[in-house]
Each structure stands twice: as structure tokens, then as C-alpha cells.
Number of protein chains: 2
Amino acid sequence: MRKLVLLPLIFVALSASSQQLSGDSVFIKRISNNILSSGEANDNLWYLCKKIGARLSGSPQMVKAENWGLAIFHKYGGPNSAWLQECMVPHWVRGGRDTATATCKINGKTQVLPLHVLALGNSLGTGTKGVKAEIITVKSFDDLESKKDQLKGRIVFYDIPFDDTLINPFEAYGKYAGYRGVGPSRAAKYGAVAVMVRSMSNSTDNYPHTGSLRYNDSFPKIPAVAIGLRDVKLLSDLSAKGASLTAFIKTGGKFFPDTTGHNVIGEIKGSEFPNEYITIGGHLDSWDPAEGAHDDGAGCIHTIEVFRVLNELGYKPRHTIRFVLFANEENGLKGGNKYAEEAKAKGEKHIFALESDEGGFSPRGFGLTVPDSSWARIETWKKLFEPYHVFEWRKGGGGADIGPLARNMNTPVAGFIPDSQRYFDHHHAANDVFEAVNIRELKLGAVNIAALIYLIDKYGL
Amino acid sequence: MRKLVLLPLIFVALSASSQQLSGDSVFIKRISNNILSSGEANDNLWYLCKKIGARLSGSPQMVKAENWGLAIFHKYGGPNSAWLQECMVPHWVRGGRDTATATCKINGKTQVLPLHVLALGNSLGTGTKGVKAEIITVKSFDDLESKKDQLKGRIVFYDIPFDDTLINPFEAYGKYAGYRGVGPSRAAKYGAVAVMVRSMSNSTDNYPHTGSLRYNDSFPKIPAVAIGLRDVKLLSDLSAKGASLTAFIKTGGKFFPDTTGHNVIGEIKGSEFPNEYITIGGHLDSWDPAEGAHDDGAGCIHTIEVFRVLNELGYKPRHTIRFVLFANEENGLKGGNKYAEEAKAKGEKHIFALESDEGGFSPRGFGLTVPDSSWARIETWKKLFEPYHVFEWRKGGGGADIGPLARNMNTPVAGFIPDSQRYFDHHHAANDVFEAVNIRELKLGAVNIAALIYLIDKYGL
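Residues numbered from 1 in each chain as written. Chains lettered and ligands numbered in written order. Predicted model: local features only at pLDDT ≥ 70, side-chain atom pairs only at ≥ 80, totals over all residues. Heavy atoms only, no water.

All right, on to the overall build of chain A then. Per the secondary structure count, chain A includes 13 helices and 16 strands. Its C-alpha radius of gyration of 24 Å places chain A within 12% of the 23 Å reference for a compact globule of 461 residues. Projected onto its principal axes, the C-alpha positions of chain A cover 80 × 55 × 40 Å. For chain A, the exposed surface amounts to about 16800 Å²; the carbon and sulfur share of it is 51%. When the 53 basic and 49 acidic side-chain charges of chain A are each reduced to a single mean position, those positions are 3 Å apart. (Helix = DSSP H or I, 4+ residues; strand = E, 2+ residues; numbered from the N terminus. Rg over C-alpha atoms; globule rule 2.2 N^0.38 Å. Areas by Shrake-Rupley, 256 points an atom, 1.4 Å probe, with all protein chains shown as cover. Lys, Arg positive; Asp, Glu negative; His and termini not counted. Charge placed at Lys NZ, Arg CZ, Asp CG, Glu CD.)

Residues and elements named next belong to chain A. One pass over the structure, following the stated rule, counts 42 aromatic pairs over all chains. Here the aromatic residues Phe 162, Phe 170, Tyr 173, Phe 361, Tyr 423 and Phe 424 are joined through ring pairs into a cluster of three or more. One cation-aromatic arrangement involves Arg 186 over Phe 141; the distance from NZ or CZ to the ring centre is 4.1 Å. (Phe/Tyr/Trp six-rings, centres within 6.5 Å; stacked < 30°, edge-to-face > 60°. Lys NZ or Arg CZ within 6 Å of the ring centre and 35° of its normal.)

To continue, consider the relation of the copies chain A and chain B. Here chain A sits on chain B after a turn of 180° about the axis and a move of 0.0 Å along it, with an RMSD of 0.0 Å. Both copies are brought into coincidence by an operation consistent with a two-fold rotation axis. Distance from the rotation axis, computed per C-alpha, reaches its smallest value in chain A at Phe391(A): 3.2 Å. (Least-squares fit on C-alpha atoms with pLDDT ≥ 70 in both.)

Now for the sheet that holds strand β16 (residues 413–418) of chain B. All names here are of chain B. One open sheet holds the eight strands; their spatial order is β1-β10-β12-β11-β13-β16-β14-β15, and the pairing between them is mixed. Here the strands that pair on one side only, and so sit at the sheet edges, are β1 (82–93) and β15 (392–395). Across the sheet, the mean angle separating the axes of adjacent strands is 20° when strand polarity is ignored. Pairing analysis gives six bridges linking strand β11 (residues 273–283) to strand β13 (residues 349–355), with the strands arranged parallel. Considered in β13, the bridge of Ile 280 is made with Leu 354. Set on the sheet, helix α3 (residues 60–77) makes contact with β1, β10 (254–268) and β12 (319–326); between it and β10 the angle comes to about 5°. (Pairing = 2+ DSSP bridges. Axes fitted to C-alpha atoms, helices over the stretch in contact; angles between N-to-C directions. Contact = heavy atoms within 4.5 Å.)

Attention shifts here to the packing of helix α2 (residues 40–52) of chain B against helix α13 (residues 439–459) of chain B. All names here are of chain B. Packing of α2 against α13 leaves a shortest axis separation of 10 Å and a crossing angle of 110°. With respect to each other, α2 and α13 are oriented roughly perpendicular. Across from Ala 41, Asn 42 and Leu 45 in α2, the residues of α13 making contact are Ile 439, Leu 442 and Lys 443. Within the contact of α2 with α13, the residues separate by chemical class into four nonpolar, one polar and one charged. (Parallel < 35°, antiparallel > 145°, perpendicular 65-115°, else oblique. Nonpolar A, V, L, I, M, F, W, Y, C, P; charged D, E, K, R; others polar.)

Residues and elements named next belong to chain B. Spatially, eight strands are ordered β3-β2-β9-β5-β6-β7-β8-β4 in an open sheet, and the strand pairing comes out mixed. On the outer flanks of this sheet lie β3 (109–115) and β4 (117–119), each paired with one strand and no other. The average undirected angle you get between the axes of adjacent strands in this sheet is 30°. Bridging between β4 and strand β8 (residues 224–227) involves three bridges; their strand directions are antiparallel. Bridge pairing in β8 links Ala 119 to Val 225. Sitting on the sheet, helix α7 (residues 229–240) touches β2 (99–106), β3, β5 (131–138), β6 (155–158), β7 (194–198), β8 and β9 (244–250), and the angle it makes with β3 is about 160°.

Opposite the 63 residues of chain A that make contact, chain B presents 63 residues. Taken together, the two surfaces of chain A and chain B that pack against each other cover about 5200 Å², and 57% of this comes from carbon and sulfur. Our enumeration of links across chain A and chain B arrives at two salt bridges. There are 22 residue pairs in polar contact (both at pLDDT 80 or more) connecting chain A and chain B. Secondary-structure elements contributing two or more residues to the side of chain A that touches chain B are α1 (19–37), α5 (169–181), β14 (363–369), β15 (392–395), α12 (423–426) and α13 (439–459) of chain A. Take the side of chain A that touches chain B: its biggest share by element is six residues, from α5(A). Considered class by class, the residues forming the side of chain A that touches chain B number 22 nonpolar, 21 polar and 20 charged. (Buried area = accessible area lost by both parts, 1.4 Å probe. Salt bridge = Lys/Arg side-chain N within 4 Å of Asp/Glu carboxyl O. Polar contact = N/O pair within 3.5 Å; in protein donor to acceptor, adjacent residues only side chain to side chain.)

Take the environment of Val138(B) next. All names here are of chain B. Along the chain, the position of Val 138 falls in strand β5. Given a relative accessible area of 0%, Val 138 falls into the buried group. In this structure the C-alpha to C-alpha distance between Val 138 and Tyr 158, which are 20 residues apart in sequence, comes to 5.3 Å. Sequence-distant contacts of Val 138, defined by excluding residues within four places in its chain, comprise Asp 143, Leu 144, Lys 147, Val 156, Phe 157, Tyr 158, Asp 159 and Ile 160. (Buried < 20%, exposed > 50% of the residue type's maximum accessible area, 1.4 Å probe, protein only.)

All names here are of chain B. One way to put it is that α2 packs onto helix α8 (residues 293–312) with a least axis distance of 10 Å and a crossing angle of 140°. Of the possible angle classes, the one that applies to α2 and α8 is oblique. In this structure, α2 crosses over α8, and the sense of that crossing is right-handed. Where α2 approaches α8, its residues Glu 40, Ala 41, Asn 44, Leu 45, Leu 48 and Cys 49 are matched on the opposing element by Ala 293, Gly 297, Ala 298, Cys 300, Ile 301, Ile 304, Glu 305 and Arg 308. Partitioned by chemical class, the residues of the contact of α2 with α8 number nine nonpolar, two polar and three charged. (Left-handed = near helix turned anticlockwise from the far one by under 90°.)

Before going further, it helps to examine helix α10 (residues 375–385) of chain B. Every buried residue belonging to α10(B) is among Trp375(B), Ile378(B), Trp381(B), Leu384(B) and Phe385(B), and all of these are buried. Looking straight down α10(B), one finds that the buried residues subtend no more than 130° of arc, so they occupy a single side. (Arc of directions from axis to C-beta.)

Before going further, it helps to examine the environment of Leu120(B). Residue and element names in this part refer to chain B. As for its position among the elements, Leu 120 is in the loop between β4 and β5. In the structure, Leu 120 is positioned 61 residues away from Gly 181 in sequence and 9.0 Å away in space, judged by C-alpha atoms. Sequence-distant contacts of Leu 120, defined by excluding residues within four places in its chain, comprise Trp 92, Arg 180, Pro 184, Val 197, Thr 210, Gly 211, Leu 213, Ala 224, Val 225 and Ala 226.

All names here are of chain A. Taken together, the seven bridges between strand β2 (residues 99–106) and strand β3 (residues 109–115) define a ladder with antiparallel strand orientation. Residue pairing across strands places Thr 101 opposite Pro 114, the latter belonging to β3. In this structure, the hairpin formed by β2 and β3 is closed by a connection of two residues, where Asn 107 is found at a positive phi of approximately 50°.

Residues and elements named next belong to chain A. Applying the stated criterion across every chain yields a total of 58 salt bridges over all chains. When the shortest N-O distance is used, the salt bridge between Lys 139 and Asp 159 registers 3.0 Å. Of the two residues, Lys 139 sits in the loop between β5 (131–138) and α4 (141–146) while Asp 159 sits in the loop between β6 (155–158) and α5, which places them 20 residues apart along the sequence. Of the residues examined, Lys 139 reaches a relative accessible area of 47% and is grouped as partly exposed. Residue Asp 159 is classed as buried on the basis of its relative accessible area of 2%.

What follows is about unusual backbone geometry. With omega at 5°, the peptide bond leading from Asp295(A) into Asp296(A) counts as cis. Tracing the backbone through its elements, the reader meets Asp296(A) in helix α8 (residues 293–312). Although it is not a glycine, Asn107(A) sits at a positive phi angle of roughly 50°. Tracing the backbone through its elements, the reader meets Asn107(A) in the loop between β2 and β3. Positive phi, close to 80°, is recorded for Asn122(B), a residue that is not glycine.

Structure follows, in C-alpha cells:
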């Protein structure tokens, strides 16, 4: 690209005729200029990723991250602007490096291949001796059921491809995440001794992608690992050639007693309706093999940036706005549950909640679970977002941490939608690091979230 | 992100009631499934970047790239599907590694700092002795004019910040690219001996970003370099502290006589209107310090993928569709000019041309310079693109290579618009490499371009 031949006009005159919306566009541009000119988003994400790092519930880094979050809110909002909300969280640890090998016998030859694996979160370990057994591949739960008599004493390999033809990778993820969640117990039911799950990712690299499993207490709690996609291909190819495959897996996952964690909550008091709450949040915990940059450092930085910019611009909201770095989203959801529980116990009125937990990529839009009557108003706001390249307004959306508010208190909720094509390249894998986040894309997410929060505070839903 | 709480429905039922559009959505989904499932985009970009690499006009890699492009078209379209169109192209070479240092005197101390620089394309070299002179910083052309009496014998440093608050980085680029293009001659007019230009990029790294200058023959042709942004900051900070700054620059740029290059043209013959042409293209040349992955390997792969998929699906277009890998976009535009010139000479009727030259990022939309009467039809197509997250339809747009068709033959034109936030991190810099392209994002661009070409071929504009 050498030069611009026909530079399209980006900041089109807003067709909405009301002066009000034009005033809003000016305020949103001030938000945008502040965020895009500031180095804080970069510095804060860097610190969270590089100086704190992985921060799974119960880890020492969880405590560091909570203290850091509290200090950041105090820095931007003053000493009375934030507090910690206690909740008990699970304390699962990986217990050392996960290792695995496959022994392949084909045409009278034996080959031992190292496999790139990560124990699934909440998985119990194999013990120091590991588990060794023949691999049996299944392609679906139906396939599992049809092979139930062959599973005893074997390692079940859920080889479920991530459907690349689905345009929204979250759709592919939603389709297959159950194999990770309940696949281990469904295999254990028929006597399997361990489970391997194909990593849920569009990528072509070999990083295994972890994530939570949920054991069914009725069956033995067998160890389970995710396996990298290049190794998956290797095993598939060998299996197709008629090789007999045995795997050896050694993992050390275990639970310690539940421990104390915290939601970190910042607040800007409402001037007109101090007892009506708008919440925006992301989750502070992250899986242990990485830095949790996109998942969900990005959501934390979005939350902090909106807090920072509204404070810096001296915005006086009509409603009380809460900024929450939720505890324990990844393997328990104790933070989100606690937040809704306390809100309900105190009889708080929560008029809206927004979550950012789909990464720090270029903003595309929002998915909103709001009353039908709200859409006419939202329609009038769309033009305000177009200069920021936000065009997608989906019906339905929210997030795991604000789910309890939606379910138990009927709070209207929304999820921020960034571009999602690269998300599962990094999700729950060792390459979810600071360098994978483009800071400008991250900042633009914060701009658009701040704009929506501002409009909802000003006009309601 | 742990699980999907409320999975939004992506493939919404199309509200367009016509059966025709529903048939179109099925064909577009076939295009999409083919491209997203194929490994060809990945393998072709890899080959172009890693086995051929930088391919500036006149270089041996230019010839390799042309032969490669021709072979690729033959592979997907058969032996009569493609040819080379000859054109003379400039042959500028960098002539070795560009080097520079700054000597800084402040508080009686002298410090020598290495600077990361790249000669601007078309810049003549300094000679083996280099150029050494005091730096004078200017902040605009107005600033240059106001300091015209101080420029003699000095190195002019155009320190024009890239405006991060502009949401569309191309707008920032359009605003400042003139400093690179004509800045050297404007400084030479007043006796400056060399020019340094701040790299035009949002990034925070230190890669210098090159690009073409255009000498004014009335003034001495002084050497000019782009300088990395971290070094720019260093110089700015030192200058603000009152340091006296001298730079030494050594570059070896020179021209050889013009040489023969080629547009590589693939074609699918029209069944109804064989003498009416639709063109889609990107440019094959790329700057010498990198692999030209986004600029414009991506546009070449888009072009090739559309050719491949339409052939594979057995699509019989109504009009003749041309697929052009243009020669010499970066420092001459000889390929684009030649294509339009020959089209005009032969009296060809060109009904539409589309260019992809803004990178291989997630698709956002199209900018179209088409008759006003076409927009009603385009409006009916928008719904077909929404499942692919394409929502932006800008009035105005095109591309450098198809500019001559638009100007000289009044051809309606369009430019493909991917997400542009990361483009200037890589543009004309050493980090524009294969690894910077996300192949899924690249493929989705090809899907949407193919869909638009299909619709225009089927329904006209």
C-alpha cells in the first residue's frame, strides 16, 4: 500500500439530528482521545502479565493480583474508591510439569513420541507412577456410548475437531467444550483410566489448551489432559495407518482446602440514583501455564480503563457504577456468585451489568440480553459507535461472572464482543501472553465499553 | 472465558425475503467452507514470504515471484488460464545496509547513539563517506518554511507524530505521508543536505518504516531515511533538554536502468458477456527489508484464493473475471498504469475492479466508488455479509493499482477493508513477515471478496 487514493471520510456527520446525541459524540470522543493517548493500559497490562503472571485461585499470585487491583483503583479514584469483597475459592494446583508419551507400534516397529499435554483444570493427578494404557479414540459422545464395552482399562482420546468452517469460533467452542467439561466422567463411567482431549483451538501450533473439567461424583475421578494439535494430527495419522497406540501420562493435579479470595471492586457513586447500580467487570484469575493476557487481563484492563477515564474526565454518573475484577471465574465462579449473592442480600437494585471476557482484540460490538423495549433506544445510539468501527448489536449475550445477576436478580446484561478470530489461538494456552495483545486494539475496546456505560448511565435502558 | 452462557445466534435467518438471496447465501457459504477448510492460503503465503521473500521491482525475487504467480494460476485454472503482461519498471536498490548515528552534546558531555534507520525508497545514497551535519527538527511544512534560513548544510528531521487519536490509522497515514513523499525535496530547496523522517506507525517498537519519496528535479536529490520510533523519542527527549545533535548517515541507494517486469494475470472467461471485465487484484512487489506479508502478500493471496475457489466450485461467471498480481505498486505504479493503458487501447469494457492492499486482517467491509444508482442494489446484499461479520460499506474507496482504470476508463472501483489497527505496526518495516498474518483472518478476507465479486458478476452494479 503506497498511498491513499480515495480516503473515505470516517467521521461522517451524525445523521441523528438531536443536539443531545451530538453532545454525546463529543463526550465519547473525549473518552477516546484520553484512552488512545494514555500509556496506562499498556503499563497496567504489562505489570499484570509480567510482574504478577498466572494467577489461578488460591495461588500466591492471586493475592498479589488482588492487591495490585486495589492499588490501581485507589490510584485513579482515590482512597475510598475501592474495596475487597471476600469469597471462598477452590485451590487446585497442577503439582509439577505434566508429561506424556505415546508408544506406537506399526509394521513391527516401535516408536516413542513425546506428547505436548496440559492437565485439565480440576483434574486429579495420576500419581508418581503415571498411567499407562492403550488409547481408544472416540469422535463424539455417541461414538463413546457405542464403544462402551471397550473402554475398561483404556485411555479415551476425545478427538473432536474444532470446526473451522464456523465463522464465529465461539460457536465451535460452545459445541465442543462439553467434551472437556464432562468427557472425563463419562469415560470413567465405563472404566476408562484416563482421558485425553483434543485442544479446542483454530490454531495450527502445538500448545495444549487447558480449561476446567467437572467430575461427576458417581464415577472414579480419572486424570485428564488436553493435547496439542500437531500431536493430535500425528496420532490421527498413525491411527489411520493401523498403528496400535499406547499412552503414558503423568500429572500431579490436586486440591488443597478452599481458601480466601476476593473480588476487587472500584466504585463511582451516583449523583441522582446512588442506590441503583451499573456493573462492569472482567475476571482477575487466569490459568497457570500463561500470563492470562487475553483471558482475562484484557477484561481487567478494560474495566480499569473505564474507571480511570471517567474519573479523569470528572464524569459524575447518575447511577453508581461498580468496576469489578472478579475472583475465580476459571474453575469455580465463586466471585461472580458472591457478588450477586451479596447484592441480593442487601436488596441492591442492579440496572445493568457488562462483562468483557472475550479478549483484547479490535472491538466489533455488544451482545445484549435486555428487555425488548430497550432496543428502540439502543437503535438511536448505534450511529455514535460507527466512527469507532462498532457495528454489531446482537440480541443475547452476557458473561459467566454476571450470569448470577442476570439469573437471580433479572439484571439486564451484556457482553463486549471483540473480533474473535484469534481468541482460541491463545485461550488457556501458554501463548496467552502480553505480546499477543495489540495495545491499540485493547484500548479501542475500552473506548467503546466506556461509551456504552456512559449512554446507559445517562439515558437508562 | 470459561464457558458460553448465552451463545448468540450467528446465522440469523436472512430477512431478505427473496429466494434468490437465499440461494446466494448458500453459494457464499460453499465459498466460505472451501476457503476455511483449505490449506492453500497458508501454504501459498508461506512460499511467497519464506521461499521468495522481498520482491522489489527489478530484483531477482521479482522474477521469481512472477513465475510463481503464473504457476499458481496454472495450477488452479489450467494451462490457458493465465499470462504475463510486460511493463517497464524502475530498478532502485538499497545498496547495502543503511547506518546512522547521532552525536549528542549536553552539559559538556558527548554521547554517540546508534540510530535505526532505513533509506526511503528511491532515495539516492550518501556516498561511501556518508553525510554528517547538525540536526534541525521541524514539526510541519509551515515550521520548515519558517526556518528556511537555518536549513543550509543541515539535516532536516521531520518529527511529525502519527496521530494515535484518529480511529482509522489510514487517516493518520494520509495526513503525514506527504512528509515522506515530498519532504526531502522541500528541505533540499533551502540547502538541507539530508532528511530524516519519523516512521509513520502506531507501534512502539523501533523498526524504521520505509516507503517512496518523489524527488522534485528542480532541487538537489538529497538522501533521506526513516527512523525508528524509540530513537525518535530519544532524540526528542535530548533535544528538549537542550542537547545539540549532529547526525551521521550512510546509505547506498541508487537506480539502475529500468527493467522488464510483469503483471501476472489469471482469467476465467465470461459465459454471457466475455468482453466485459471484472478485475480483482493485489500487488506482487514488496519493500526490500521484509517479506511483504501484509503488504501485499495478503492481497495476492486474496486474489489467488478467489481464483482458486471459483474454479474449484466450477463457477461459470457471466462476465470475464481477471485476477491480477500487479507489478511495481510501491515505487512506480507501472503495473497498474500498464493494465489500464492496454485495456483502453484494446477498447475493453471494464465494469468493476476491486483491490486488496490494506493487509490480511479480519474483514470489516468495502469502500466503493460506484454510481449513486448502485447503492440500492448493494443495500440488498448487506444481509448476506453479516454472518461473516462484515458491516462496513463506505462511500468512496479503491486502490492505487486500479486507480488508472477508475480515472481513465471511469470503471467503478472498490477497496477491500480489513481491520486496520495493526497495519501500520508492520507497514514497510522488517516485521512485515509471514508470522504477522493470522491465516484465518486472511482467509475470511478472501471469503468476503469472493462473495462480492460473485454478486457483482451475477447482478451487476
